[in-house]
Amino acid sequence: MSSDRIEKRVVLRAPLDRVWRAVSDAEEFGRWFGVRFDGPFVEGGFVTAVITPTAVDDEVAKRQEPHTGVKSTWEIVALEPQRRFAYRWHPFAVAPEVDYDQEPTTLVEFTLAEVPDGVLLTIVESGFDAIPEARRRSSFEANSEGWAIQTHLVRQYVES
């Protein structure tokens, strides 16, 4: 098992255009993920994300509450319609008193592929080996658990 890369896969029983909107439209993404953005996703641009409880699952929303209001900056790397959305961010950057801007970012990629049962969504986050050693393990573990939860949330969102 790699300590540099997290990969999660989920088959979503929804049309490709519905899944694409859920992962590439900032407003829709925010609803299921649990963030509010200050603008749309634009390739090559930056958005500020503010943690808010997800609108999809009350239990998950309660777990997100301690981090509500924490801000982070996302660099939008790719928006390839109905195929790939990618951004860079600082993983597990939830302590408001810490300046994460001096740390390397990880790359998060959402890729979509039509399959007989719907759409296969693959989420990959890579680059953990470059994160400072003091935060590397906790960031990897928190995000590994987080992406498992997010696959559940996106499924609920697009299949409802």
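Preceding this paragraph is the structure being described.
Residues numbered from 1 in each chain as written. Predicted model: local features only at pLDDT ≥ 70, side-chain atom pairs only at ≥ 80, totals over all residues. Heavy atoms only, no water.

Peer 1: How would you sum up the overall build of the chain? Please name residues and give values.
Peer 2: In terms of regular secondary structure, the chain is built from four helices and seven strands. Reading the chain from its N end, one meets helices and strands in the order β-α-α-β-β-α-β-β-β-β-α. For the chain, whose C-alpha radius of gyration is 15 Å, the value lies close to the compact-globule estimate of 15 Å for 160 residues. Overall, the chain is about 45 × 30 × 30 Å in size when its C-alpha atoms are taken along their principal axes. (Helix = DSSP H or I, 4+ residues; strand = E, 2+ residues; numbered from the N terminus. Rg over C-alpha atoms; globule rule 2.2 N^0.38 Å.)

Peer 1: So what's going on with the nonpolar core? Which residues, and what values?
Peer 2: With 38 residues, the main nonpolar core has Phe29, Trp32, Tyr87 and Phe110 as its most contacted residues. Per-element accounting of this core gives the leading share, seven residues, to helix H4 (residues 133-159). Setting aside chain neighbours within four positions, we find Tyr87 in contact with Phe29, Phe33, Trp74, Glu75, Ile76, Val77, Thr106, Leu107, Val108, Phe110 and Trp147. (Core = buried A, V, L, I, M, F, W, Y, C linked by side-chain atoms within 4.5 Å. Buried < 20%, exposed > 50% of the residue type's maximum accessible area, 1.4 Å probe, protein only. Contact = heavy atoms within 4.5 Å.)

Peer 1: For the packing of helix H2 (residues 26-33) against H4, give the residues involved together with the corresponding values.
Peer 2: The interhelical angle for the contact between H2 and H4, taken along N-to-C directions, is 115 degrees, at an axis separation of 9 Å. The interaxial crossing formed by H2 with H4 has right-handed handedness. Across the interface between the two elements, Glu28, Arg31, Trp32 and Phe33 from H2 touch Trp147, Gln150, Leu153, Val154 and Tyr157 from H4. Counted by class, the contact of H2 with H4 contains six nonpolar, one polar and two charged residues. (Axes fitted to C-alpha atoms, helices over the stretch in contact; angles between N-to-C directions. Left-handed = near helix turned anticlockwise from the far one by under 90°. Nonpolar A, V, L, I, M, F, W, Y, C, P; charged D, E, K, R; others polar.)

Peer 1: Run through the sheet that holds strand S4 (residues 71-80), naming residues and quoting values.
Peer 2: Either a parallel or an antiparallel arrangement is found when strands of a sheet pair, and the pairing is made through backbone hydrogen bonds. Taken together, seven strands build an open sheet; the order of strands is S1-S7-S6-S5-S4-S3-S2 and the sheet is antiparallel. The open sheet is flanked by strand S1 (5-12) and strand S2 (35-37), the only strands paired with a single partner. For this sheet, the mean angle separating the axes of adjacent strands, direction not counted, is 25 degrees. Bridge count for S1 against strand S7 (residues 118-126) is eight bridges, and the pairing is antiparallel. Within the sheet, the bridge partner assigned to Val10 lies in S7 and is Leu121. H2 contacts S2, S4, strand S5 (84-89) and strand S6 (106-115) of the sheet and is inclined by roughly 160 degrees relative to S2. (Pairing = 2+ DSSP bridges.)

The analysis is restricted to geometry; functional conclusions fall outside its scope.
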